[in-house]
Amino acid sequence: MNWNELKATFGPTIAELQDEDRFLGFSATFDDMLFDYSRTQMTDDAREGLFDMLEEREFELIREAMYSGEKINVTEGRRVLHTALRMPEGTRMMADDEDIAATVLDSRAACYAFADAVRAGEYAAAAGAFTDVVNIGIGGSDLGPVLVAEALVADMDGPRLHFVSNVDGAALNQVFQTCDLSRTLFIIASKSFGTIETMETAKMALARMQDEVADASVHFAALTTKPDAAAEQFGIPAQRCFGFADWVGGRFSVWSPIGLPLMIGLGPQKFGEFLAGAHEVDEHFRTAPLGQNLPVLMACVGVWHRNGCGYPTRCVVPYDTRLATLPQYLQQLDMESNGKRVTVEGDEVDVATSPVVWGSAGTNAQHAYFQMLHQSPTPQPLEFMIAAKPVAEGFEHMQKILIANCFAQSQALAYGRSEKEAEDLMIEGGMGPVEARELAPHRTFPGNRPSTLLMYRELSPRTLGRIIALAEARCFTEGVFWGVNSFDQWGVELGKVLATDMLPHVEGRFSPDMVDEALSGPLAHYHGL
Ligand code: F6P
């Protein structure tokens, strides 16, 4: 099937597609997890066509190439092996003559040992055991750890975790104001150890710690592929520098030493459960037939919405406050991976690639932007997520209200309410017919707005590992559909280079006139403030 043929299958409404077999035919399960895409406009023909497209693109071959460590990130000449990061103890894996298993398992053991030592107070500051751990990192060196720390806050029993990502000083200042710095450990997380935001923030933290304590170096650890730079710039010794290979992509790195703050906060055992959940999804993604393969189905729906139906965004709404950061995490995962304009071969892509990913936790989202989702003329697909079980005993009734809201939204979006129904309802409620006729257009819901649902029993470390691994595998599959390299991020480079070039102008060392006319205005204004 080609893209035009896929578009041609778009037509029947969600209501028209419903029959008694719809749910069974358009949903799939993985253990306790349900992926329900029955309230979308996906047809049998569209789905068959999407499976054909994957076959034409040799999806299974590319997937195997990723798992076995081939250098599928061709523009950077790198393997893509985040799946290897969650392999269980005892696994053996070689790629060419590189012992991947040894690299992963040794590095995991070193991180676990350090995490245990910090938790037990065996590795401590002069003032005592560390009470606070501050992760300094950005992008993939921040978002995964933040997401997991927020989602599993109830499972945390180690030192308090803090995350400082931006270079605007606000978050670091808050750490300075609220933490006992004599018992605070800073972790500098940067794959490249060259990201300006992280480096400048870490320098500020080091300078402050040098004023606070006799041996500031004790308060620092690093997570990076560049241990020499960590030693050179911050004096961090090898035993507190946790390295990883260049085949760990930033946005896929929460499973690597980048997860160290989580290992400290949760403890190695729970972090291990998080890895195990992801590994289960890896096995499922690698072996399940397309029609039962959750990430493949999620990708098919994603591509269907983007290229079959032409929706420009996807709105992710976890009815689970613990996953409030997930939309942000997915923004980097999906938009940095698949927001590309050329194929792996360097030819222009002939279809739209990554949609805009956005969203936030429900039900709060209902009271913010759902108005637009229900009644604006431009529909956007939604992706709901929800746990069946409440966060703790005693919250059962609240959880039921949450679930009812989630289901009700998906019904309202799918079936809407006609003008006639709206009018009749108002008249039944005692309103006069003239007023009811006038108000009816405002109270009409067009419906036929698609949504999917991912439901899981409870949000445990294992479930969270599964949810993130599902998203990664979906992202990979969508990349195969679009023919792009999902593992580079050259689009971020230009801004980084220009920011460095811009700094002397902002510092006033160069005259504003030396930049182009459009910028000399704001620069001159800035210097006047
Ligand atoms: O935003 C671009 C990027 O390179 C991301 O891919 C990465 O996660 C982030 O910067 C941080 O990079 P690093 O870990 O090297 O500091």
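Parameters at a glance
Residues numbered from 1 in each chain as written. Predicted model: local features only at pLDDT ≥ 70, side-chain atom pairs only at ≥ 80, totals over all residues. Heavy atoms only, no water. Helix = DSSP H or I, 4+ residues; strand = E, 2+ residues; numbered from the N terminus. Buried < 20%, exposed > 50% of the residue type's maximum accessible area, 1.4 Å probe, protein only. Polar contact = N/O pair within 3.5 Å; in protein donor to acceptor, adjacent residues only side chain to side chain. Contact = heavy atoms within 4.5 Å. UniProt positions renumbered as here; feature names shortened; annotations may be inferred. Patch = residues over 30% accessible without salt bridge, like charges linked within 9 Å, V, L, I, M, F, W, Y side chains within 5 Å. Areas by Shrake-Rupley, 256 points an atom, 1.4 Å probe, with all protein chains shown as cover. Salt bridge = Lys/Arg side-chain N within 4 Å of Asp/Glu carboxyl O. Pairing = 2+ DSSP bridges. Axes fitted to C-alpha atoms, helices over the stretch in contact; angles between N-to-C directions.

**With respect to the side chain of Thr444**
Alright, step 1. Along the polypeptide, Thr444 turns up in the loop between helix 18 (433-439) and strand 13 (451-456).
Alright, step 2. Thr444 sits in the buried class, given a relative accessible area of 17%.
Alright, step 3. Within the structure, the side chain of Thr444 is placed 2.6 Å from the backbone oxygen of Ala440, a separation counted as a polar contact.
Alright, step 4. Excluding its chain neighbours within four sequence positions, the residues that come into contact with Thr444 are Gln375, Arg417, Ser418, Glu419 and Ala422.

**A closer look at the UniProt feature "active site" (unreviewed entry) in the protein chain**
Alright, step 1. In the numbering adopted here, UniProt assigns the feature "active site" (unreviewed entry) to Glu336, His367 and Lys496. Sequence-wise these annotated residues cover 161 residues; spatially they are dispersed, their C-alpha atoms as much as 36.7 Å apart.
Alright, step 2. Of note, Glu336 is situated in helix 14 (residues 326-338).
Alright, step 3. Here Glu336 is in contact with Arg251, Gln331, Asp488, Gln489 and Val492, once residues within four sequence places are set aside.
Alright, step 4. Here Arg251 takes part through its side chain, which lies 2.9 Å from a polar atom of the side chain of Glu336.

**Concerning a nonpolar patch on the surface**
Alright, step 1. Among the surface-exposed residues, Val391, Phe395 and Met398 lie close enough to one another that they form a single nonpolar patch of about 300 Å² accessible area.
Alright, step 2. Mapped onto the elements, Phe395 comes out in the loop between strand 12 (382-387) and helix 16 (396-415).

**Quick notes on the side chain of Gln399**
Alright, step 1. Residue placement: Gln399 occurs in helix 16.
Alright, step 2. The exposure class assigned to Gln399 is buried, which follows from its relative accessible area of 11%.
Alright, step 3. Leaving out residues up to four positions away in the same chain, Gln399 has contacts with Ile386, Ala387, Ala388, Lys389 and Pro390.

**A closer look at the sheet that holds strand 12**
Alright, step 1. Spatially, 1-2-13-12-10-11 is the arrangement adopted by the six strands of the open sheet, whose pairing is mixed. The open sheet has two free edges, formed respectively by strand 1 (27-30) and strand 11 (356-359), since each of these has just one partner strand. The average undirected angle you get between the axes of adjacent strands in this sheet is 15°.
Alright, step 2. Of the strand pairs in this sheet, strand 2 (residues 33-36) and strand 13 are connected by three bridges, and their pairing is antiparallel. The residue of strand 13 that forms the bridge with Asp36 is Leu453.
Alright, step 3. Across the face of the sheet, helix 16 comes into contact with strand 12 and strand 13 while running at roughly 160° to strand 12.

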